[in-house]
Amino acid sequence: MTHWQNLRVQDYFPHEYPFLLIDKVLYVEENRAVAVKNVTRSEPWFTGHFPNNPIFPGVLLLEAMAQTGRFLDSLHKAVLNPRLARIENVKFHQVVRPGDTVVMEAERIAHSGALYKFKTIAKVDDTMVAHATFWVYSPDAMEMEDCLNTSYAGMEVFSL
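All residue numbers refer to positions counted from 1 along the written sequence of the respective chain. The model is predicted, so local features are restricted to residues of pLDDT at least 70 and side-chain atom pairs to those at 80 or more, both for listing and for counting; the totals for chains, interfaces and linings are taken over all residues. Calculated side-chain values reflect all of the structure's heavy atoms, with hydrogen atoms and water omitted.

Caption draft 1: The environment of Asn53, seen in detail. Inspection of the secondary structure puts Asn53 in the loop between strand 2 (32-38) and helix 1 (58-68). Residue classification places Asn53 among the partly exposed residues on the basis of a relative accessible area of 36%. Separated by 44 residues in sequence, Asn53 and Arg97 place their C-alpha atoms 8.8 Å apart. Any pair of nitrogen or oxygen atoms within 3.5 Å is treated as a polar contact; in protein, a donor-acceptor pairing is required on top of that, and neighbouring residues in sequence qualify only through side-chain atoms on both sides. Separated by 2.8 Å, the side chains of Asn53 and Arg97 make a polar contact. Each helix is a run of H or I in the DSSP string that is no shorter than four residues. Each strand is a run of E no shorter than two, and both are numbered from the N terminus. Accessible area is worked out with a 1.4 Å probe on protein chains only. A residue is then buried under 20% of its type maximum, exposed over 50%, and partly exposed in between.

Caption draft 2: Up close: the sheet that holds strand 5 (residues 101-112). A pair of strands is labelled paired if DSSP reports no fewer than 2 bridges between them. Here six strands make up an open sheet; going across it, the order is 1-2-5-6-7-4 and the pairing antiparallel. With partners counted over all chains shown, the strands left at the sheet margins are strand 1 (24-29) and strand 4 (83-92), one partner each. Within the sheet, the average angular offset between the axes of one strand and its neighbour, ignoring direction, is 20°. Think of each axis as a best-fit line through the C-alpha atoms, taken over the contacting stretch in the case of a helix, with angles from 0 to 180 degrees between the N-to-C directions.

Caption draft 3: Inspection of unusual backbone geometry at higher detail. Going from Tyr17 to Pro18, the amide bond is cis rather than trans, its omega being 10°. For the bond running from His49 to Phe50, omega is -10°, close enough to zero to count as cis. Take Phe50: it is sitting in the loop between strand 2 and helix 1. At Asn89, a residue that is not glycine, the phi angle is positive and equals roughly 50°. Classification of Asn89 by relative accessible area gives exposed; the value is 53%. Phi angles above zero are rare outside glycine, and Asp126 is one such case at about 65°. Of note, Asp126 is situated in the loop between strand 6 (115-124) and strand 7 (127-137).

Caption draft 4: Examining the environment of Arg70 more closely. Structurally, the position occupied by Arg70 is in the loop between helix 1 and strand 3 (77-80). A residue is classified by how much of its surface remains accessible, and Arg70, at 1% relative accessible area, is buried. The spacing of Arg70 and Val136 is 66 residues in sequence and 9.6 Å in space, taken between C-alpha atoms.

That's the geometry; what it means functionally is another story.
Following this line, the structure appears as structure tokens:
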């Protein structure tokens with residue numbers, strides 16, 4: 001079993017910079033995961049969003065929150081071809097800017113077969129900046145050991 005303190009985030013996603021939006025996993029338990037995104041001025045979206053008033057795009061904040069939910073699924077399985085089925089109750093409370101450290105918490109609130117639902121909150125300095133509820137459908141999962149011997153040409157290991 002992979003211990004959460006030794007997690008290498010990049011091992012659980014096919015994403016690379018700039019779309020791997022989690023920098024570190026702080027905590028994982030059965031139905032709860034906490035991760036961090038450090039927002040830096042060097043990220044490419046700040047050249048156009050907005051040059052004189054940089055704001056981290058809300059859609060990317062949602063993506064980072066959804067990526068945190070990956071750690072609610074078995075870390076022994078590669079989640080293949082998941083589909084974001086629904087986002088509910090989205091609310092942005094405050095803008096996120098370069099220099100902010102966003103702490104995201106995901107909590108599984110329902111699970112049935114290949115469908116699971118989790119709610120997330122994102123905070124900067126203990127102030128909530130956003131919350132949302134995600135539904136994810138993950139029809140395929142493989143034991144991590146089997147994944148090492150499988151070709152993934154044209155397949156996404158995990159994307160939301």
